[in-house]
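Spelled out, the chains give:
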Amino acid sequence: MKAGFYKKGFWKKMLLLAAIAYFISMNWCQLMLVRGRSMYPAYRDLQLVVLVKQFGSLRAGEVVAFRCEGLHALLIKRIVAVPGDWVQIAGGDLYVNGIRYGGQADGKKVSYAGIAEGPLTLKEGEFFMLGDNYGASIDSRHEEVGCVREKDIVGRVFPAK
């Protein structure tokens, strides 16, 4: 008597299921594992998130994943400024278009200004990203990351429920 997985058509069904899962993962959404503390407390180390790859216009405050050539990695960060905005980090505070960034309501200071020490205007198709945990994040302040091009953004990030 043959085991159930040897029944006629089982492997064809498994191959079809794997192909569908691969297609969905490559084109619409996929699960990702957060590594590190740069987005704490919104996301914690080893948390599963959903990456939605079909997205329209992006706004400040949204969390996205993007390819970073300088670090050879896929990073998850929060958009703090969009094309046409200007950013500057002065006195430990982030300013977007001259207004103190509202994401710092808890009083956290940005200890490292990096490339945003002086006013930095974002070009068309560029975004400025920060990790929520400023002290543990390598983000747009660092030359290895810099301003993120829209074509490098892979998708929006949402907590997996």
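Shown above is the structure to which this text applies.
Can you lay out the pattern of salt bridges for me, pointing to particular residues and giving the numbers?
This structure, assessed with the given rule, holds eight salt bridges. Note that Asp93 is salt-bridged to Arg100, the shortest N-O span being 3.3 Å. Taking the relative accessible area as the measure of exposure, Asp93 reaches 9% and is therefore buried. Overall, Arg100 belongs to the partly exposed group, its relative accessible area being 35%.

Report on the pairing of strand β2 (residues 48-52), specifying residues and quantitative values.
Where a strand is regular, its side chains alternate between the two sheet faces. Residues Val49 and Leu51 point to one face of β2 and are all buried, whereas Leu48, Val50 and Val52, pointing to the other face, are not buried. Alignment of β2 against strand β11 (residues 153-159), held across four bridges, turns out to be antiparallel. Bridging across to β11, Val49 finds its partner in Pro159.

Please set out the layout of surface pockets residue by residue, giving values where relevant.
Each pocket or cavity is described by its volume, and for the largest pocket that value is around 230 Å³. Together, 16 residues line the largest pocket, and Arg35, Ser38, Leu75, Ile76 and Lys77 are the ones closest to its centre. Elements with a contribution of two residues or more to the lining of the largest pocket: β1 (29-33) and β4 (73-81). Sort the elements by how many residues they give to the lining of the largest pocket and β4 lands first, with four residues. For the lining of the largest pocket, the class distribution of residues is 10 nonpolar, three polar and three charged.

I'd love a proper account of unusual backbone geometry, names of residues and values included.
Each neighbour pair has its own omega, and for Tyr40 with Pro41 the value is 10 degrees, a cis peptide bond. Positionally, Pro41 belongs in the loop between β1 and β2. Although it is not a glycine, Leu46 sits at a positive phi angle of roughly 70 degrees. Given a relative accessible area of 53%, Leu46 falls into the exposed group.

Could you give an account of the side chain of Arg156, with specific residues and numbers?
In this structure, Arg156 sits in strand β11. Within the structure, the side chain of Arg156 is placed 2.6 Å from the backbone oxygen of Ser57, a separation counted as a polar contact. Arg156 has contacts with Val50, Leu51, Val52, Phe55, Gly56, Ser57, Leu58, Glu62, Val63 and Val64, leaving out every residue within four places of it along the chain.

Quick rundown of the packing of aromatic side chains? Include the residues and the values.
Inspection of the entire model under this criterion finds one aromatic pair. Their ring planes at 80 degrees and their centres at 5.0 Å tell us that Phe10 and Trp11 sit as a pair that is edge-to-face. For Phe10, a relative accessible area of 27% translates into the label partly exposed. For Trp11, a relative accessible area of 55% corresponds to the exposed category.

Analysis parameters
- Residues numbered from 1 in each chain as written.
- Predicted model: local features only at pLDDT ≥ 70, side-chain atom pairs only at ≥ 80, totals over all residues.
- Heavy atoms only, no water.
- Salt bridge = Lys/Arg side-chain N within 4 Å of Asp/Glu carboxyl O.
- Buried < 20%, exposed > 50% of the residue type's maximum accessible area, 1.4 Å probe, protein only.
- Helix = DSSP H or I, 4+ residues; strand = E, 2+ residues; numbered from the N terminus.
- Pairing = 2+ DSSP bridges.
- 1 Å grid on protein atoms, 1.4 Å probe; cavity = no way out; pocket = protein on both sides within 12 Å on 5 of 7 lines; lining within 4 Å.
- Points joined across faces, edges and corners; volume = space filled by probe spheres on them.
- Nonpolar A, V, L, I, M, F, W, Y, C, P; charged D, E, K, R; others polar.
- Polar contact = N/O pair within 3.5 Å; in protein donor to acceptor, adjacent residues only side chain to side chain.
- Contact = heavy atoms within 4.5 Å.
- Phe/Tyr/Trp six-rings, centres within 6.5 Å; stacked < 30°, edge-to-face > 60°.

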